[in-house]
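Residue strings, one per chain:
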4 protein chains.
Amino acid sequence: MAGSTFGTVFRITTWGESHGKGIGVVIDGCPAGLKLSSEDIQKFLDRRKPGQSRYTTQRNEPDRAEILSGVFEGYTTGTPISLVVFNKDQHSKDYSEIASYYRPGHADFTFDAKYGFRDYRGGGRSSGRETIGRVAGGAVAAKLLSELGISFCTYTRSIGPVEIQTFSQEEIFRNKLYMPDGEAAQKAAEYLESCMASKNSAGGIIECVVRGVPAGLGEPVFDKLDASLARAVMSIGAVKGVEIGDGFQAAASTGLEDNDGFCRQADGSTAKTSNHAGGILGGISDGSEIVLRAAVKPTPSIASPQKTVNRSGEEIDICIKGRHDPVIVPRAVVVVEAMAALTLADALLVGSTSRLSYLQKIWGEQL
Amino acid sequence: MAGSTFGTVFRITTWGESHGKGIGVVIDGCPAGLKLSSEDIQKFLDRRKPGQSRYTTQRNEPDRAEILSGVFEGYTTGTPISLVVFNKDQHSKDYSEIASYYRPGHADFTFDAKYGFRDYRGGGRSSGRETIGRVAGGAVAAKLLSELGISFCTYTRSIGPVEIQTFSQEEIFRNKLYMPDGEAAQKAAEYLESCMASKNSAGGIIECVVRGVPAGLGEPVFDKLDASLARAVMSIGAVKGVEIGDGFQAAASTGLEDNDGFCRQADGSTAKTSNHAGGILGGISDGSEIVLRAAVKPTPSIASPQKTVNRSGEEIDICIKGRHDPVIVPRAVVVVEAMAALTLADALLVGSTSRLSYLQKIWGEQL
Amino acid sequence: MAGSTFGTVFRITTWGESHGKGIGVVIDGCPAGLKLSSEDIQKFLDRRKPGQSRYTTQRNEPDRAEILSGVFEGYTTGTPISLVVFNKDQHSKDYSEIASYYRPGHADFTFDAKYGFRDYRGGGRSSGRETIGRVAGGAVAAKLLSELGISFCTYTRSIGPVEIQTFSQEEIFRNKLYMPDGEAAQKAAEYLESCMASKNSAGGIIECVVRGVPAGLGEPVFDKLDASLARAVMSIGAVKGVEIGDGFQAAASTGLEDNDGFCRQADGSTAKTSNHAGGILGGISDGSEIVLRAAVKPTPSIASPQKTVNRSGEEIDICIKGRHDPVIVPRAVVVVEAMAALTLADALLVGSTSRLSYLQKIWGEQL
Amino acid sequence: MAGSTFGTVFRITTWGESHGKGIGVVIDGCPAGLKLSSEDIQKFLDRRKPGQSRYTTQRNEPDRAEILSGVFEGYTTGTPISLVVFNKDQHSKDYSEIASYYRPGHADFTFDAKYGFRDYRGGGRSSGRETIGRVAGGAVAAKLLSELGISFCTYTRSIGPVEIQTFSQEEIFRNKLYMPDGEAAQKAAEYLESCMASKNSAGGIIECVVRGVPAGLGEPVFDKLDASLARAVMSIGAVKGVEIGDGFQAAASTGLEDNDGFCRQADGSTAKTSNHAGGILGGISDGSEIVLRAAVKPTPSIASPQKTVNRSGEEIDICIKGRHDPVIVPRAVVVVEAMAALTLADALLVGSTSRLSYLQKIWGEQL
């Protein structure tokens, strides 16, 4: 239980360190018969790759995914899909300085506290490169969901104090910050410039909207769909908060404002008249869009001087060198989407056994 | 995977419906040798029982816990601890009305969508009474943690628009709203009166502070301590958001503000100079207080008219009858604490195998 | 992970001690819409109850199952089904003797070694009464499977040196030993008389045949259907060996003898020409009958003198008092069937997600 | 839940097909601080590699393991250890024949039944090459156990009708069949020659003895140590039966014969006077040697003509070409040992939380 596995039926296990030989993921439980190519995965990886803009690190990491197993003649076989991205950019750099102290806001101290020592090269397992495994796995989950009519729209909602004011889905991929409001993106870019100039960094909020989810996904009590999404998203390195629907605003609201009414649709089906709940009631999807938000803290690696202690327990002042993203939000957008896709794929597979009639639909024909 | 189990090594499974024969929990994996009595559990249950004030439902439910297994001569034996609270107050009431339509903000619609039908008596499995199993299980987890020096301080941080301005730990148990600020509690009570007068309801925010957690709990990647806490707390019925440390405020902050420095303590150990991280770095406890917040939505059962549809798909207007809590926050305080305790107990047991030297400490003597 | 949970999607958790307040099971993940009554469970429990013959203990334990949750208006709701059998026969007996020493062949010593102490009353958690939870859970699994055309035929294959020579399914329930060969049953009864006369006990072999299992159940690699069955059956207290199909005889066989050919059936489908494999190939059901056998050791509680040590470490001679079954095989027949049913129910639910087309069959209609 | 994961706390996930790019394993939950090199793994892999004798396939597969993550400066870091063996010997061979029909005794038919199609190249995921992942993972488990004083002695007990009559531990690695009786090895070799001459194959029995296991490992009820071992060993491709201690012989024995007495040892500790139980009582290790046996069926790939059907449902006669092991037992010896090691490593880690005093030993110092 070193915690590198996610999911019950659609399940991924990730491995790899920032400056080790590579980063990988094993996807077990993906149904057979899904068309899958390395391009499906590459599209997702490209959204998190560095060097996309001057607000993301300039390191040259092509991050090409290879499929090592589980796909035959272009289709998943039902057996584990092993994906790997080999690390290219491993200079025999001098890590002696970083090895000697605890960077504020990083996991250096806690890894030492837990394990007694750590792989200090580039953050080791706690590096942002760990998310490559999630994104590769999430690409497969998203492909599976798309076959069932489920799609994602994920974007930067705010960077530092700059929040979107308008929403244009097309705009999301037009600016480097993945914001659905071009004007806000411009302001956010200016804010990031000022952060960089003052050797500082910024955080932000990512929003993910999922469309086409049928009502009935998620298990009551502990495996509620929102609980699983919260765990999934909070497990991303820099995330410090998660909301569903109205989230923290619901706490200041009233029942009359927050309750979503029900109405009859033209086709006779039942729908909600609003979506304060963010598409989940009692932990089960209600057929509306699922809406979640993640609060991402500012990049902890900053060039300004900071106080810390070294491994000998002496108090020292440090300045973190090297090029670091002044904000990780834009690259984390696809990570949030990947985690949401992994959560939904698993919920969908588990939900397939919620009624006896579902089993009869599958197994009846063979009896 | 109907999702009624929580935890990997310290693991609970809950069962029971609002108006069934009872509510229970089976705790598996509790270490042997822990002193435990039904009073330990009752103390927790009493904090969530109804009828504590005019802001909680007046139903008469004594909610007495019985220990059915796993305790012998006052100590846990290492085998499953089965706890049950039998339901006393099951009138043969007429449920035909509630059975016929979908209450806004409740899980009636989604249970039907998932299972094809539902136990509609008092909300069935999706009732707030489901939390009895969590609280009873959490009481055992908290007792275990207390033996290792870990304690909890959980309280109402806000109700509707009224937030605490001061903090007095003694005050928490002095007012019926479990607020650490007597003046705020008074204002919140007035706000609740106005909600009740207008047949409306309120939400609020619960904060939980955990003290004495050693550095090193939590597993990197998916089972990060904050991710597990987020799932645990978001799985409580009305919770719509979870934060750790600065939470959503971190998103608008900068690296210089948000990073916690490290310093050397008098005894030579390392500590942080601030706690924006809320006691968790890289998903692992850092030795500071763990701080988390949960956003609770307003009680969905309100006496005002609301629009909905019935099971025949007809649009109707309804008014929900009966006495309902105008706010569930005060009674949910202990539920949040219980879920945090369950999460930490499990993390502590799993963390016991993180180093070879820990194993040698336990097994070396027997070899 | 005190190991009281079995199954991944169809999952049971059992609890209870021999002389505690009761024995119970929580079944989570049973699909909604299954007709279920306490009689369905009682039928299974009656097959393991004591006092059925002079070869089973004469204690008076009616062992009535109560359904505490998860069933509404006669059908499962998809939420946890809690079943309990309250212990009736708990005399305030003197256990000081049994508490003081380690009975040969029992778990007294190992429970002390693991936990530091034990609930010594009647064997506590390691008593045969623990199987009540399994049998009650297995009854629900078997009911679910019967809706999908799957049925069981389980019986005593041998007792001590006496093995069945003929097979008559009707005969199984005609004799008290559950043997499908009346003559063998007579001989086995005589053998048991001689064991009892010499204060000794006997073991035996139980065989379970499962019919109607569609091809395709079981997961490759670690969750092979035979591996899951082996674990399930070996987890029954006195079982020391498990075989599938030809089992240990296959080890002395040759490929030409052991391989099952394939042929075309009248309806065009593929079947096997023999069944040495016992219905499982590569860990996946092949559409033939599943055949498994369990070796049950002799009852360890015997009235003859035996050598042991007491808790002070002194060597002593003991004679175990009280009435004990001279053989547990007949009462264990239904326990083996229950464990097989639980394994298959879980495999069937997990198998429902093995193909994308299965998911489309379930979720396609709602999109 | 495609079942490619084994273990709860010490957990492996394997992937890879016979003729894909490689075979691998991810080990999660291995404690930090274990000295580990690729040589530790290679020693295990070499024991299963082909070409060791004329009774094993002559294919040239060097099967070199690479460590891709989780080891830093020679020690495990506590993060996932990814091991891979890249496949070298993938000719662009013609598989059209094997793709067209179902080989008797193989999983071709059941994979098609489960998934709708299969990777037919060399058996795909159901090939014996799948065990490379197990053996590599088991090598790490065995290394961990050796640090705690636990060791293994695993060997061929019988091949076809030829069973060992004497036992010499040194002899095991002296003959190519891994038999502890040189004379029996000679007779077995002759038997295999006759099988090969008649285009037939043989099975056999593997025995594994584990020394140094402290009393107290294994969880009562479903996760009994013998149940976990049974699952582990039965999950190996060709295994059809598993026994612990006296196994099936216990079924024909009596209580007086089968019970192991207890005695006091010179150092005051308690031990058993015999070991019919095979080192496990009530599912928990009792401090004696753990003894288990696995029945391995004859190699299903034989050159003699066999009856089967092709994918069009036509009945045909086939002769399987290529060089195949006439017996897989010798190469499976290390696979059984690997599975036993994985089971014990997991039980040991889980067992570390069985007593409150164990937790205090670990966490007390940090509080």
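This text follows the structure it describes.
Residues numbered from 1 in each chain as written. Chains lettered and ligands numbered in written order. Predicted model: local features only at pLDDT ≥ 70, side-chain atom pairs only at ≥ 80, totals over all residues. Heavy atoms only, no water.

Trainee: Got a minute to help me understand the overall build of chain A in this structure?
Mentor: Looking only at helices and strands, one finds ten helices and 18 strands in chain A. Whereas a compact globule of 367 residues would reach a radius of gyration of roughly 21 Å, chain A reaches 22 Å, a difference of no more than 12%. Expressed as a percentage of the 367 residues in chain A, the buried residues total 70%. Of the roughly 11400 Å² that chain A leaves accessible, carbon and sulfur atoms contribute 48%. Averaging the coordinates of the 40 positive side-chain charges in chain A and doing the same for the 43 negative ones gives two points 4 Å apart. (Helix = DSSP H or I, 4+ residues; strand = E, 2+ residues; numbered from the N terminus. Rg over C-alpha atoms; globule rule 2.2 N^0.38 Å. Buried < 20%, exposed > 50% of the residue type's maximum accessible area, 1.4 Å probe, protein only. Areas by Shrake-Rupley, 256 points an atom, 1.4 Å probe, with all protein chains shown as cover. Lys, Arg positive; Asp, Glu negative; His and termini not counted. Charge placed at Lys NZ, Arg CZ, Asp CG, Glu CD.)

Trainee: Is there a simple way to explain the relation of the copies chain B and chain A in this structure?
Mentor: Overlaying chain B on chain A yields an RMSD of 0.0 Å, the required transformation being a rotation through 180° with an accompanying axial translation of 0.0 Å. Interpreted geometrically, this transformation is the action of a two-fold axis. The C-alpha atom lying nearest the rotation axis in chain B is that of B:Arg231; the distance is 2.3 Å. Interface overlap between copies: 99% of the residues of chain B at the interface are likewise at the interface in chain A, consistent with a symmetric, same-surface contact. (Least-squares fit on C-alpha atoms with pLDDT ≥ 70 in both. Contact = heavy atoms within 4.5 Å.)

Trainee: Please clarify how the relation of the copies chain A and chain D should be interpreted in this entry.
Mentor: Two chain copies, one operation linking them: a rotation about an axis together with a shift along it. When chain A is brought onto chain D, the operation consists of a screw motion whose angular component is 180° and whose axial shift is 0.0 Å, with 0.0 Å RMSD remaining. When the interface residues of chain A are mapped onto chain D, 100% of them again fall at the interface, so both copies present the same face.

Trainee: Would you explain the pattern of salt bridges in this entry?
Mentor: Working definition: two side chains of opposite charge can pair if their charged atoms are close together. Under the criterion given, the structure shown has 96 salt bridges over all chains. In this structure, the salt-bridge partner of D:Arg64 is D:Glu39, at a minimum N-O distance of 3.5 Å. With D:Arg64 in the loop between helix H1 (38-48) and strand S4 (66-67) and D:Glu39 in helix H1, this residue pair connects regions lying 25 residues apart in the sequence. The partly exposed category is assigned to D:Glu39, whose relative accessible area is 43%. Put simply, D:Glu207 and D:Arg157 hold a salt bridge, and the shortest N to O gap is 2.9 Å. Pair noted here: D:Glu207 is in strand S10 (residues 204-211) and D:Arg157 is in strand S8 (residues 151-159), with a separation of 50 residues, a long-range link. Taken together, the shared-partner salt bridges in this structure form one network comprising A:Arg103, A:Asp108, A:Asp112, A:Arg118 and A:Arg311. (Salt bridge = Lys/Arg side-chain N within 4 Å of Asp/Glu carboxyl O.)

Trainee: Sorry, what's going on with the interface of chain B and chain A here?
Mentor: It is common to give the size of an interface as the accessible area lost on bringing the parts into contact. The interface is formed by 105 residues belonging to chain B together with 106 residues belonging to chain A. Summed over both partners, the interface of chain B with chain A comes to about 8300 Å²; 61% of that surface belongs to carbon and sulfur atoms. Between B:Lys114 and A:Glu219 there is a salt bridge, with its nearest N and O atoms 3.0 Å apart. Applying the counting criterion to the chain B and chain A interface returns 48 residue pairs in polar contact (both at pLDDT 80 or more). In terms of residue count, the dominant contributor to the side of chain B that touches chain A is helix H3 (residues 108-115) of chain B (seven residues). When the residues that make up the side of chain B that touches chain A are grouped by side-chain class, the tally is 47 nonpolar, 36 polar and 22 charged. Note: strand S11 (residues 239-244) of chain A against strand S11 (residues 239-244) of chain B, three bridges, orientation antiparallel. (Buried area = accessible area lost by both parts, 1.4 Å probe. Polar contact = N/O pair within 3.5 Å; in protein donor to acceptor, adjacent residues only side chain to side chain. Nonpolar A, V, L, I, M, F, W, Y, C, P; charged D, E, K, R; others polar. Pairing = 2+ DSSP bridges.)

Trainee: Help me out: how do you make sense of the sheet that holds strand S2 (residues 11-16) of chain A in this one?
Mentor: Each strand in a sheet pairs with its neighbour through backbone hydrogen bonds, running either in the same direction (parallel) or in the opposite one (antiparallel). All names here are of chain A. Reading across the sheet, the five strands line up as S1-S2-S3-S7-S4 and stay open at both edges, with antiparallel pairing between neighbours. Sheet topology places strand S1 (5-6) and strand S4 (66-67) at the edges, where each strand pairs with a single neighbour. Across six bridges, the pairing between S2 and strand S3 (residues 22-28) is antiparallel. The residue of S3 that forms the bridge with Thr14 is Val25. Of the strands in this sheet, S2, S3 and strand S7 (81-86) are in contact with helix H4 (residues 131-147), which crosses S3 at around 35°. (Axes fitted to C-alpha atoms, helices over the stretch in contact; angles between N-to-C directions.)

Trainee: Explain the packing of helix H1 (residues 38-48) of chain B against helix H4 (residues 131-147) of chain B here, please?
Mentor: Residue and element names in this part refer to chain B. As a packed pair, H1 and H4 sit with axes 8 Å apart at the nearest point and diverge in direction by 135°. Of the possible angle classes, the one that applies to H1 and H4 is oblique. When the axes of H1 and H4 are compared, the crossing they make is right-handed. Each of Asp40, Ile41, Phe44, Leu45 and Arg48 in H1 lies in contact with H4, whose residues at this interface are Thr131, Ile132, Val135, Ala136, Gly138, Ala139, Val140, Ala142 and Lys143. Looking at side-chain class alone, the contact of H1 with H4 contains nine nonpolar, two polar and three charged residues. (Parallel < 35°, antiparallel > 145°, perpendicular 65-115°, else oblique. Left-handed = near helix turned anticlockwise from the far one by under 90°.)

Trainee: Please explain the environment of A:Gly78 as it appears in this structure.
Mentor: Of note, A:Gly78 is situated in the loop between strand S6 (75-76) and S7. Owing to a relative accessible area of 2%, A:Gly78 belongs among the buried residues under this scheme. The spatial distance from the C-alpha of A:Gly78 to the C-alpha of A:Glu147 is 16 Å, given a sequence separation of 69 residues. Once residues lying within four places of it in the same chain are set aside, the contact partners of A:Gly78 are A:Cys30, A:Pro31, A:Ala32, D:Ala2 and D:Tyr115.

Trainee: Where do I start with the environment of D:Thr273 in this structure?
Mentor: Residue and element names in this part refer to chain D. Relative to the elements of secondary structure, Thr273 occurs in the loop between strand S13 (270-272) and strand S14 (280-281). Through-space distance from the C-alpha of Thr273 to that of Cys263 is 6.2 Å; in sequence the pair is ten residues apart. Aside from chain neighbours lying at most four places away, what touches Thr273 is Asp260, Gly261, Phe262 and Cys263.

Trainee: Which parts of the structure should I look at to understand unusual backbone geometry?
Mentor: Residues apart from glycine generally show negative phi values, whereas peptide bonds are mostly found in trans. In this model, B:Lys199 sits at a positive phi of 50°, which is unusual for a non-glycine residue. Position of B:Lys199 among the secondary structure elements: in the loop between helix H5 (182-197) and strand S10 (204-211). Judged by relative accessible area, which is 48%, B:Lys199 ranks as partly exposed. Positioned with a positive phi, C:Asp63 is a non-glycine residue whose angle comes to about 50°. Here C:Asp63 is to be found in the loop between helix H1 (38-48) and strand S4 (66-67).

Trainee: Even after reading the chapter, I still don't get the interface of chain A and chain D, so can you show me in this structure?
Mentor: With 44 residues of chain A at the interface, the matching set in chain D holds 44 residues. Buried area between chain A and chain D, both sides added, is near 3400 Å², and the carbon and sulfur share of it is 63%. For the pair chain A and chain D, the interface holds zero salt bridges. Taken together, the links from chain A to chain D amount to ten residue pairs in polar contact (both at pLDDT 80 or more).

Trainee: So what exactly am I meant to see when it comes to the side chain of C:Ser285 here?
Mentor: Structurally, C:Ser285 can be placed in strand S15 (residues 284-285). Discounting residues that sit within four places of it in the chain, C:Ser285 has contacts with C:Val213, C:Pro214, C:Ala215, C:Gly216, C:Leu217, C:Leu225, C:Gly279, C:Ile280, C:Ile290 and D:Thr110.

Trainee: Quick question: what am I supposed to make of the sheet that holds strand S9 (residues 162-163) of chain C here?
Mentor: Strand order in the open sheet formed by ten strands is S9(C)-S8(C)-S10(C)-S16(C)-S11(C)-S11(D)-S16(D)-S10(D)-S8(D)-S9(D), and the pairing between neighbours is antiparallel. Here the strands that pair on one side only, and so sit at the sheet edges, are S9 of chain C together with strand S9 (162-163) of chain D. Alignment of S8(D) against S10(D), held across eight bridges, turns out to be antiparallel. When the sheet's bridge partners are listed, D:Phe152 is paired in S10(D) with D:Val210.

Trainee: Hey, could you run me through the pairing of S11(A) in this one?
Mentor: Within a regular strand, the side chains alternate between the two sheet faces. Residue and element names in this part refer to chain A. Burial of S11 is extensive: six of the six residues sit out of reach of the surface. As paired elements, S11 and strand S16 (residues 290-296) share five bridges and run antiparallel to each other. Its bridge partner lying in S16, Val239 is registered against Val296.

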